[in-house]
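# Observations on the three-dimensional arrangement
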Amino acid sequence: RVVIEEFLDGQEVSVLAFADGEHIVPMVSAQDHKRIFDNDKGLNTGGMGAVSPVAFADEKFMEKVEHRIIKPTIEGLRKRSIDYKGFIFLGLINVGGEPMVIEYNVRMGDPETEAVMLRVASDLVPLLAAAAKGDLGDLPLDHDPRAAATVMIVSGGYPGSYPKGKVMSGLDAADGNPDTILFHAGTAIDPQSGETVTSGGRVIAVSSYGKDLREALSRSYTIVDKVDFDGKTFRRDIGNEFI
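The text that follows walks through the structure, step by step, so that each part is easy to find. As the structure is a computational prediction, the values presented were derived from the model and not from experiment.

Rules behind the numbers
Throughout, a residue's number is its position along its own chain's written sequence, starting from 1. Residues qualify for local features only when their pLDDT is at least 70, as the model is predicted, and side-chain atom pairs are given and counted only at 80 or more; totals for whole chains, interfaces and linings, by contrast, use all residues. Side-chain calculation: all heavy atoms of the structure are included, whereas hydrogens and water are not. Between rings of Phe, Tyr and Trp, where Trp is taken as its six-membered ring, a pair exists when centres lie within 6.5 Å; planes separated by under 30 degrees are stacked, by over 60 edge-to-face, and by other angles tilted. Under the DSSP-based scheme used, a helix requires at least four consecutive residues in state H or I and a strand at least two consecutive residues in state E, with every element numbered from the N terminus. To sort residues, take the accessible area from a 1.4 Å probe on protein chains only and compare it with the maximum for the residue type: under 20% means buried, over 50% means exposed, and anything in between is partly exposed. For two strands to be treated as a pair, DSSP must find no fewer than two bridges joining them. To obtain an axis, a line is fitted to C-alpha atoms, over the contacting stretch when the element is a helix, and the angle between two such axes runs from 0 to 180 degrees between their N-to-C directions. Whether two residues are in contact is decided by their heavy atoms: any pair within 4.5 Å suffices.

Let us now look at the packing of aromatic side chains. Going through the model one piece at a time under the given rule, you end up with 5 aromatic pairs. Between Phe18 and Phe87 the ring centres are 5.1 Å apart and the planes differ by 45 degrees, which places this aromatic pair in the tilted class. Placement of Phe18 in strand β1 (residues 11-20) and of Phe87 in strand β6 (residues 85-95) is noted, with a sequence separation of 69 residues between them. Looking at Phe18, the relative accessible area reads 1%, which means it is buried. Aromatic pair Phe56 and Phe61: ring centres 5.6 Å apart, planes at 80 degrees, arrangement edge-to-face. For the pair Phe56 and Phe61, one class covers both residues: buried.

Below, the structure is given as structure tokens:
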């Protein structure tokens, strides 16, 4: 058998959304950077960084997402009698200004989540409760107008084999800074020394606000340069195409 599929050429965009069985409420757009090296070279990873918003995902584009993808998704779930409540991750691609689906996930996506959640201005708990109760309805979902940028620091060798237990320093670099948050992904506390050490491939997601992406990325990279451990690896070009 030969399967012939349309080749989709364009930039990817992720849209994370709440679902309550009747409604799907999207959050802001984000774009992940998958390859391990700058200029999208090297092996695919779980994600080396993300930015939000995505320049081409403007109001017109998101209206197409709403009518062509989100509403048909709701109808498709209903027809299959699937009462899904939780997060839906829409992996999309912009093909000549038209959104097309690459994948669905029934979870939030990493590292887009770190950028997107910074921009959720509404209280998260009522949204989660409403989704669980099937009552999202007209519940407002407000977003912070600032941009957000996440840069992932990973272990040397990732996404292949990599060592663990490397002592980390500089984790207090963002203390007292309201514009930057460090999300721990692959860290642990050494039981003997009490020091923070690496324990995974993707180690720390440094996420920052900014009035625009340039400022958000600058703030994240300032902290990335201060966090250190043996084998520390990261990309220097996250979000460059939107600056």
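Within the open sheet, the 8 strands sit side by side as β7-β6-β1-β2-β5-β8-β12-β9. Their pairing is antiparallel. Edge strands, defined here as strands with exactly one partner in the open sheet, are β7 (98-105) and β9 (180-184). For this sheet, the mean angle separating the axes of adjacent strands, direction not counted, is 25 degrees. As paired strands, strand β5 (residues 49-52) and strand β8 (residues 147-154) are joined by 4 bridges and run antiparallel to one another. Looking across to β8, one finds that Gly49 is bridged to Val151. Packing against the sheet, helix α1 (residues 59-79) makes contact with β1, β2 (24-32), β6 and β7, and its axis sits at approximately 40 degrees to β7. Together, β1 and β6 form the strand contacts of helix α3 (residues 124-133), whose direction differs from that of β1 by roughly 70 degrees.

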